[in-house]
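Listed below, chain by chain, are the residues.
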Amino acid sequence: MPELPDVVVYCEALDRRYTGQVLERITLKSPFVVRTFEPDLQVAEGRRVENFSRLGKRIVWQLEGPLYLVFHLMIAGRFHVKKAGTRPRSKTDLAAFHFAGETLMLTEASPKKRASIHVLVDQAELASHDPGGLDVLSCDRTSFAARLTGENHTLKRALTDPRLFDGIVNAYSDEILHASQVSPIRWSRKLTNDEITRLWLATRTTLDTWIRRLRKQTGDDFPERVTAFRPEMAAHGKFGQPCPVCITPVA
């Protein structure tokens, strides 16, 4: 699933390419992906894109009107840039968004079809899609500690709960826990002050490092290879391989 660093880089790439452009046409191949009934997705056609933003793990397109298209890519949803006029034909294609000069394709490489688009008309509707997680890139230690210990969960569950923290799922929670050297099965209300501080610092540092790394890898291009498994990761997807710090096999 695209997590906070991936979604940040997606939004930046979308902004570079499409802010200020008119969404000329939408070709919908899989109607199930649209989870709202009114207004119809086609009302977005002919509207200028004003900006792109992140709402947790969701990507929000704001069009003139205002009108909001809220994309939740879930585990296997992705965006891909195609040549102008490309229509959705592959079994993984969900919808094509046609701009002047190129087409943006929404795909999902999974038969479970969990990706979604919501078409919203006001800020109140948009706010209802915010799960309420704390913005971990800007929060201070006090607010981080309060959110972490407000409920008693294992750390893995706490970090990946979108109601508690914003935009973290399996991959980056593993990297954060590895960097903090705190066990994923520690209970949040049994943490020491030192452990909370280490988690707070590791969360900010890990996510910021990966945002900068993904920006560098993407450059001015579009992020076409969004994945939860990257060779530079220390723990996620590295079961049985040597830990880069202590050489012990990752458990």
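Coordinates for the structure precede this section.
Since the structure is predicted, the reported quantities are computational estimates derived from the model, not experimental observations.

(A) Spotlight on unusual backbone geometry. Across the junction of Glu-38 and Pro-39, the peptide omega takes the value -5°, indicating a cis bond. In this structure, Pro-39 sits in the loop between β2 (25-28) and β3 (47-55). Of note, the amide linkage connecting Gly-65 to Pro-66 takes the cis form, showing an omega dihedral of 0°. On the secondary structure map, Pro-66 appears in the loop between β4 (58-63) and β5 (67-72). The backbone of Lys-113 sits at a positive phi, close to 50°, despite the residue not being glycine. Within the secondary structure layout, Lys-113 lies in the loop between β8 (102-108) and β9 (116-120). Judged by relative accessible area, Lys-113 falls into the partly exposed class, the value being 24%.

(B) Structural context of the side chain of His-129. Mapped onto the elements, His-129 comes out in the loop between α2 (123-127) and α3 (141-149). The class of His-129 is buried, set by a relative accessible area of 16%. Beyond its immediate stretch of four places on either side in the chain, His-129 contacts Leu-55, Arg-58, His-118 and Leu-120.

(C) Structural detail: the layout of surface pockets. Considering only enclosed or pocket space, the largest pocket measures out at about 460 Å³ in volume. What lines the largest pocket is a set of 18 residues, and nearest its centre among them are His-178, Pro-184, Ala-235, Val-250 and Ala-251. The class makeup of the residues in the lining of the largest pocket is 11 nonpolar, 5 polar and 2 charged. Estimated volume of the second largest pocket: approximately 210 Å³. Residue lining of the second largest pocket: 13 residues in total, with Gln-217, Thr-218, Pro-223, Glu-224 and Arg-225 positioned closest to the centre. Breaking the lining of the second largest pocket down by element, the ones donating at least two residues are α1 (4-18) and α6 (193-218). Of the residues that constitute the lining of the second largest pocket, the class distribution is 6 nonpolar, 2 polar and 5 charged.

(D) Inspection of the pattern of salt bridges at higher detail. Counted according to the given criterion, the structure contains 10 salt bridges. As a salt-bridge pair, Arg-17 and Glu-102 come within 2.9 Å of each other at their nearest N and O atoms. Of this pair, Arg-17 sits in helix α1 while Glu-102 sits in strand β8, and the two are 85 residues apart along the sequence. Overall, Glu-102 belongs to the buried group, its relative accessible area being 15%. Ionic pairing is found between Arg-163 and Asp-161, a salt bridge with its closest N-O pair at 2.7 Å. Look at Asp-161 and you get buried, because its relative accessible area is 9%.

Rules used in this analysis
Residues numbered from 1 in each chain as written. Predicted model: local features only at pLDDT ≥ 70, side-chain atom pairs only at ≥ 80, totals over all residues. Heavy atoms only, no water. Helix = DSSP H or I, 4+ residues; strand = E, 2+ residues; numbered from the N terminus. Buried < 20%, exposed > 50% of the residue type's maximum accessible area, 1.4 Å probe, protein only. Contact = heavy atoms within 4.5 Å. 1 Å grid on protein atoms, 1.4 Å probe; cavity = no way out; pocket = protein on both sides within 12 Å on 5 of 7 lines; lining within 4 Å. Points joined across faces, edges and corners; volume = space filled by probe spheres on them. Nonpolar A, V, L, I, M, F, W, Y, C, P; charged D, E, K, R; others polar. Salt bridge = Lys/Arg side-chain N within 4 Å of Asp/Glu carboxyl O.

These values are about where atoms sit, not about what they do.
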